[in-house]
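Residue-level structure breakdown
Each chain, written out:
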Amino acid sequence: MDNLRVYLATWNVATQAPEEDVTALLGLSNRSSKDRLPDLCFVGLQEVKSQPQNMLLDALFDDPWTNALRTVMAKHKYIKIKTVRLQGLVLNVFCLRHHLTHLRDIQTQFTKTGLGGMWGNKGAVTIRLNIYGCSVCVVNAHLAPHDHLLKERIADYNTIVSSQTFTVGETTRIFLHDYVFWIGDLNFRLADPNVLTGAEIKRLVSCGELKSLLDKDQLCQAMALGTAFSEMTEQLPSFPPTYKYQFHNSTYDLKRRPSWTDRVLYFVHKNVYENITLHAKQLSYTSLPQYEQSDHKPVVSEFVIKVFSDYHDRLVVFNEVQDWYLDEMNSVFCNIDDDVKISPWDWVGLYKEDFSSLDDYLCYVYVSTTPIWIENNGGQSNQTRSTLKLTFPDSAPRLPGRYQVVYITNNPVSVLGLSAPFQVYPPRVQTVDWPQ
């Protein structure tokens, strides 16, 4: 088994636009050159501004928060794989570039729980994927608010668990995945509001009495009673309550009692594979008090999970791409093993070499299901390999430079192949033979 690092961040941004540097939010500050970067990074946001004009623009382009995250992640060779949004709920997943062709079966889901399931101001967005043979599911949730709505929070959780389904193999439900991470503004408060007033909670926090407060935490109590999140594990927070703060400083706003509303929980199917034990080790779990633009503090956590070594599944290998020229039809060739079921909806996208998102393709062509060559490798496996030729129109790209092509299959999305970078040159000079 190999180790894979998974980083998770959750932040209720209170409809604010990104003002502060998100490098620390992404766990990328204060890392030495010897520190291993996370392999996968999931960032869940709540209360991203979602007025109609914002939603229209964000349907066409990445929202401002996703753009801010991408800008920082690209400097560290991360690719944005997927974004899923439900009104103010946004979940992004990034991976290091060298893992790109090991991502399989990427799917998203969402659940509305606001106004009895009619409105998406509360609910959950989810991304599931396979990487190196293991399935990972991440849920970003925003549950019912206010001290007295504990039953509604519990109902929201159970609605999300029961309603979300997927179409990938044996992982049709959230808790059928190998690894599940649940992040978000879960809105659980502290019990006994008549005793634990806002002022009293603030006093106990200043005295470091976090343990006595966590004994009254509604989430901990619900897990112990088995009414919500009992399948999951949470390392008890060692950081102060993350809500509610005054905007633009780190002083509690006692209009609401301070609470640990923002959480990270996890679940592992340890013994789902014969003679193999899966494991998740939590390396950190903390808040980031330096962020002050919201009335919540971000919460981040990093894990090491076990995945399969040397796992190969449905790989497409591109031949070395010969030089391309502008204003000409240019081609690439790729080799496809027989475990790849070619679909007429598979496509190959053209990207700049420094692309930072799978959505950044400049153009694409659909894959022909008719190979130009079939080779039998012989041997006991009797495996065959097909070679496909893919021709791009003369209108793309529009500028010379360095490019790559990516093979993507849909339903669900898997990244099967990535070419080496190649050069696109200006148009060739046409010579004219004048009559003698």
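Report follows, based on the coordinates. For clarity, every value in this text was computed on a predicted model and none was experimentally measured.

Let's shift gears to helix α4 (residues 198-206). Taken as a whole, α4 has its buried residues at G198, I201, L204 and V205. Buried residues of α4, viewed axially, fall in a sector of 125 degrees; they line one side. Looking at α4, the residues exposed on the side facing more than 90 degrees away from the buried face are A199 and S206. Where α4 is buried, its residues meet α5 (210-214). Where α4 terminates, the next one or two residues include G208, which has phi positive at roughly 75 degrees.

Take helix α6 (residues 218-225) next. Listed in full, the buried residues belonging to α6 are Q218, L219, A222 and M223. Around the axis of α6, the buried residues are gathered within 135 degrees of arc, so they sit on the same side. Turned more than 90 degrees from where α6 packs its buried face, A224 and L225 sit exposed. For α6, the capping residue at the N-terminal end is D217, with a side-chain oxygen 3.2 Å from the backbone nitrogen of L219.

Glancing now at the packing of aromatic side chains. Remark: the centre distance and the inter-plane angle together describe each pair of aromatic rings, the angle taken between the planes. Inspection of the entire model under this criterion finds 23 aromatic pairs. Between W347 and Y364 the ring centres are 5.6 Å apart and the planes differ by 65 degrees, which places this aromatic pair in the edge-to-face class. In this pair, W347 is assigned in strand β15 (residues 347-352) and Y364 in strand β16 (residues 363-366), connecting sequence segments 17 residues apart. With relative accessibility at 11%, the residue W347 sits in the buried group. Judged by its relative accessible area of 39%, Y364 falls in the partly exposed class. Taken together, W345, W347, Y351, F355, Y361, Y364 and Y366 form an aromatic cluster joined through their ring pairs.

Scanning all chains against the criterion turns up 20 salt bridges. Put simply, R104 and D313 hold a salt bridge, and the shortest N to O gap is 3.9 Å. Placement of R104 in strand β5 (residues 103-114) and of D313 in the loop between β11 (299-307) and β12 (316-318) is noted, with a sequence separation of 209 residues between them. Residue classification places R104 among the buried positions, given a relative accessible area of 4%. Taking the shortest distance from any N to any O, the salt bridge between D313 and R314 comes out at 3.2 Å. Via salt bridges that share partners, D62, R70, K80, D359 and D360 belong to a single interconnected network.

Residue position: E234 is located in the loop between α6 and β9 (262-268). The class of E234 is buried, set by a relative accessible area of 12%. Separated by 176 residues in the primary sequence, E234 and N410 place their C-alpha atoms 35 Å from one another. Setting aside residues no more than four positions away along its own chain, E234 makes contact with L219, M223, R263, V264, L265 and Y285. Reaching out from E234, the side chain makes a polar contact with the side chain of R263 at a distance of 2.7 Å.

Let us look at the side chain of T113. The topology assignment puts T113 in strand β5. T113 gets classed as buried once you look at its relative accessible area, which sits at 11%. A polar side-chain atom of T113 sits 3.2 Å from the main-chain amide nitrogen of G123.

Turning our attention to the state of the cysteines. Throughout the structure, instances matching the rule amount to zero disulfides. Left unpaired, C95 is separated from the closest cysteine sulfur, that of C41, by 11 Å.

The next subject is the environment of P427. Inspection of the secondary structure assignment puts P427 in the segment after β21 (422-425). The partly exposed category is assigned to P427, whose relative accessible area is 42%. Along the chain, P427 and D327 lie 100 residues apart, while their C-alpha atoms are 6.1 Å from each other. In contact with P427, other than residues within four places in its own chain, are L326 and D327.

Moving on, we come to unusual backbone geometry. Backbone torsion omega between Y243 and K244 reads 5 degrees, so that peptide bond is classified as cis. The residue after N411, namely P412, is reached through a cis peptide bond having omega -10 degrees. You can see P412 is positioned in the loop between β19 (401-409) and β20 (414-418). Positive phi, normally seen in glycine, also occurs at N411, with a value near 55 degrees. Checked against the element boundaries, N411 lands in the loop between β19 and β20.

Put simply, side chains in a regular strand alternate between the two faces of the sheet. Burial within β15 is extensive, with five of its six residues counted as buried. Here β15 runs beside β16; their pairing, made up of four bridges, is antiparallel. Paired with G349 across the two strands is Y364, which belongs to β16.

Attention now goes to the pairing of β9. Burial runs high along β9: seven of the seven residues are buried. Burial of the side chains of β9 extends over both faces: D262, V264, Y266 and V268 are buried on one face and R263, L265 and F267 on the other. Direction of pairing for strand β8 (residues 179-185) relative to β9: antiparallel, over a ladder of seven bridges. Residue pairing for β9: W182 is matched across the bridge by L265.

Each value, and the rule that gives it
Residues numbered from 1 in each chain as written. Predicted model: local features only at pLDDT ≥ 70, side-chain atom pairs only at ≥ 80, totals over all residues. Heavy atoms only, no water. Buried < 20%, exposed > 50% of the residue type's maximum accessible area, 1.4 Å probe, protein only. Helix = DSSP H or I, 4+ residues; strand = E, 2+ residues; numbered from the N terminus. Arc of directions from axis to C-beta. Contact = heavy atoms within 4.5 Å. Polar contact = N/O pair within 3.5 Å; in protein donor to acceptor, adjacent residues only side chain to side chain. Phe/Tyr/Trp six-rings, centres within 6.5 Å; stacked < 30°, edge-to-face > 60°. Salt bridge = Lys/Arg side-chain N within 4 Å of Asp/Glu carboxyl O. Disulfide = S-S within 2.5 Å. Pairing = 2+ DSSP bridges.

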